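Chain and residue survey
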Amino acid sequence: MSHPVHSTILLLDIEKFSERDDVEQAYLRRMLFELADRALLDAGIEMTLRRRADRGDSVMELIDSNASSTALLRTLLTFVPAELRALNRRASSSAQMRLRGVVASGFVAVDGGGGWVGSDLNHACRLLDADVLRQALRARPGDDFVLAVSETVYQGVVRHNHAGVSADEFHAVTADSKNGPLPAWLHSPGSWAPVPAPEADAAAPGPTRQQPPPHPAPAPAPASTFGLGGATVNGGVFGGDNHGIGGGVFHGDVRFGSDRGDRG
């Protein structure tokens, strides 16, 4: 077995591959390999800087650490989605391809039979198969590609906001694996917040979020006092000369409130 060498790890997996027949699977595999070749060339990664492993419904690329991880991420965020859209527009519904992708880094050794060995590689494969990544792709019917990166790639590349790789578009997630929780970062433009279950709103007392709370009842108007000869409303007396709305003048006292009852 060779000595472990630090490399960038790229994994691409086809959604619902096992649901296709043999002819469709053969076509999708060919499209996947061709897309991976074009994407890596677009990122400036020549054949001499990469090694491929075929996993049937997915492909693994072991990339030399001297190749630019920033250029690779930029290509995965722009070139790959555009290529997938173009491919799927020309394909029948049964031959359309949607992908999950992972970029990680770490030490990987190659054994005598050409197999790859390394805990960092194992973590990347588990992230690719994690429910959090599968659910993210299912939740985006308008997209054909979803990407996650390992904690190491996020800290070393993504968080520095290189051109074309915005850290604000990545959100922390935790993938479940048989070795415990696996931290990662999911590319998810826009807000990333859990959506509350519908029953949570239905069970909550009081107004729902869609219904504004009722307006409070207006407080009773206080008694008013005017300074035209000294007058009090709500049982008070207007005294002296009082000007009406139409311009007339009242002379003497005008009584309101309980005094009406005395006159009845």
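The numbering scheme is per chain: residues are counted from 1 as the chain's sequence reads. Two thresholds apply to this predicted model, a pLDDT of at least 70 for residue-level local features and 80 or more for giving and counting side-chain atom pairs, whereas whole-chain, interface and lining totals are computed over all residues. Heavy atoms throughout the structure, all of them, feed into the side-chain values; hydrogens and water do not.

1. A closer look at the overall build of the protein chain
Quick reminder of the rule: Working definition: helices are DSSP H or I runs of at least four residues, strands are E runs of at least two. Numbering for both runs from the N terminus. Each residue is placed in one exposure class: buried if its accessible area under a 1.4 Å probe, protein chains only, is under 20% of its type's maximum, exposed if it is over 50%, and partly exposed if it falls in between. Only heavy atoms enter the contact rule, under which two residues are in contact if any of them lie within 4.5 Å. Throughout, the Shrake-Rupley method with a 1.4 Å probe supplies accessible areas, and for residues the shown protein chains are the sole cover considered.
Within the protein chain, the secondary structure is distributed over seven helices and 14 strands. Within the span of the protein chain, comprising 264 residues, buried residues form 38% of the whole. Considering only contacts within the protein chain whose residues lie at least 6 apart along the sequence, 60% involve residues at least 24 apart. Approximately 15,500 Å² of the protein chain is accessible, and the part contributed by carbon and sulfur atoms is 54%.

2. Focus on the pattern of salt bridges
Spelled out, the test is: For this document, the term salt bridge refers to a Lys or Arg side-chain nitrogen within 4 Å of an Asp or Glu carboxyl oxygen.
Tallied over the entire structure, the rule returns 11 salt bridges. A salt bridge links Arg100 to Asp129; the nearest nitrogen and oxygen atoms lie 3.8 Å apart. Of this pair, Arg100 sits in strand 4 (residues 99–110) while Asp129 is found in the loop between helix 3 (119–128) and helix 4 (131–138), placing the two residues 29 residues apart along the sequence. By relative accessible area, which is 2% here, Arg100 ends up buried.

3. Digging into the nonpolar core
Rules: Remark: nonpolar core denotes a set of buried residues (Ala, Val, Leu, Ile, Met, Phe, Trp, Tyr, Cys) joined through side-chain atoms within 4.5 Å.
Core analysis: the largest hydrophobic core is formed by 39 residues, its most contacted members being Leu73, Met97, Val103 and Val149. Within the residue set of this core, elements represented by two or more residues are strand 1 (5–14), helix 1 (22–42), strand 3 (58–64), helix 2 (69–90), strand 4, strand 6 (145–150) and helix 5 (151–156). Ala53, Leu121, Ala124 and Leu127 belong to the second largest nonpolar core, which has 26 residues in total.

4. Section: helix 1
Which entries qualify depends on this criterion: Given the number of residues in a helix, its expected span is that number minus one, multiplied by 1.5 Å.
If you check helix 1, its first and last C-alpha atoms are 30 Å apart, about what 21 residues at 1.5 Å a residue would give, namely 30 Å. Considered for burial, the residues of helix 1 that qualify are Glu24, Gln25, Leu28, Met31, Leu32, Phe33, Leu35, Ala36, Ala39 and Leu40. With its phi angle positive at about 80°, Gly44 sits one or two positions after the end of helix 1.

5. Some details on the packing of helix 1 against helix 2
Each pair of packed helices can be summarised by the angle the axes make with each other and by the distance between the axes. Where we set the bar: Axes here refer to lines fitted to C-alpha atoms; in helices the fit is confined to the stretch in contact. Angles between the N-to-C directions go from 0 to 180 degrees. Angle categories: roughly parallel below 35 degrees, roughly antiparallel above 145, roughly perpendicular from 65 to 115, and oblique for all the rest. By definition, any crossing whose near helix is turned counterclockwise from its far helix by less than a right angle is left-handed, and any crossing with a clockwise turn is right-handed. Lys, Arg, Asp and Glu make up the charged group, whereas Ala, Val, Leu, Ile, Met, Phe, Trp, Tyr, Cys and Pro make up the nonpolar group; the residues left over, Gly among them, are polar.
It is at 9 Å that the axes of helix 1 and helix 2 come closest, and there the two elements cross at 140°. When the interaxial angle is binned, helix 1 and helix 2 end up oblique. Handedness of the helix 1/helix 2 crossing: right-handed. Here helix 1 contributes Met31, Leu35, Arg38, Ala39, Leu40 and Asp42 to the contact with helix 2, which in turn contributes Leu72, Thr75, Phe79, Val80, Glu83, Leu84 and Leu87. Considering only residue class, the contact of helix 1 with helix 2 consists of nine nonpolar, one polar and three charged.

6. Notes on the side chain of Arg20
The condition is simple: Residues counted as positive are Lys and Arg, residues counted as negative are Asp and Glu, and His and the chain ends are not counted. Polar contacts, as counted here, are pairs of nitrogen or oxygen atoms within 3.5 Å of one another; within protein the pair requires one atom able to donate a hydrogen and one able to accept it, and residues that are adjacent in sequence qualify only if both atoms are side-chain atoms.
Checked against the element boundaries, Arg20 lands in the loop between strand 1 and helix 1. Buried within the structure, Arg20 lacks any salt-bridge partner; Glu24 is the closest side chain of opposite charge, at an N-O distance of 5.4 Å. At 3.1 Å, the side chain of Arg20 and the backbone oxygen of Gln96 are in polar contact.

7. Focus: the packing of aromatic side chains
Put simply, the rule is: Geometry of aromatic contacts follows a simple scheme: Phe, Tyr and Trp rings, the Trp one being its six-membered ring, pair when their centres are within 6.5 Å, and the pair is stacked under 30 degrees between planes, edge-to-face over 60, tilted otherwise.
With the rule as written, the count across this model stands at one aromatic pair. Judged by centre distance (3.6 Å) and plane angle (5°), the ring pair of Tyr154 and Trp185 falls under stacked. On the criterion of sequence distance, the pair formed by Tyr154 in helix 5 and Trp185 in strand 8 (residues 182–187) is long-range, its members being 31 residues apart. A single burial state applies to Tyr154 and to Trp185, both of which are buried.

8. Brief notes about unusual backbone geometry
In this structure, Lys16 is a non-glycine residue whose phi angle is positive, near 55°. With respect to the element layout, Lys16 can be found in the loop between strand 1 and helix 1. Located in the positive-phi region is Asn161, a residue other than glycine, with phi close to 55°. Its location among the elements puts Asn161 in the loop between helix 5 and strand 7 (170–175).

9. Structural notes on the side chain of Ser7
Its place among the elements puts Ser7 in strand 1. Residues within four places of Ser7 in sequence aside, it is in contact with Leu62, Ile63, Ser65, Ala104, Ser105 and Gly106.

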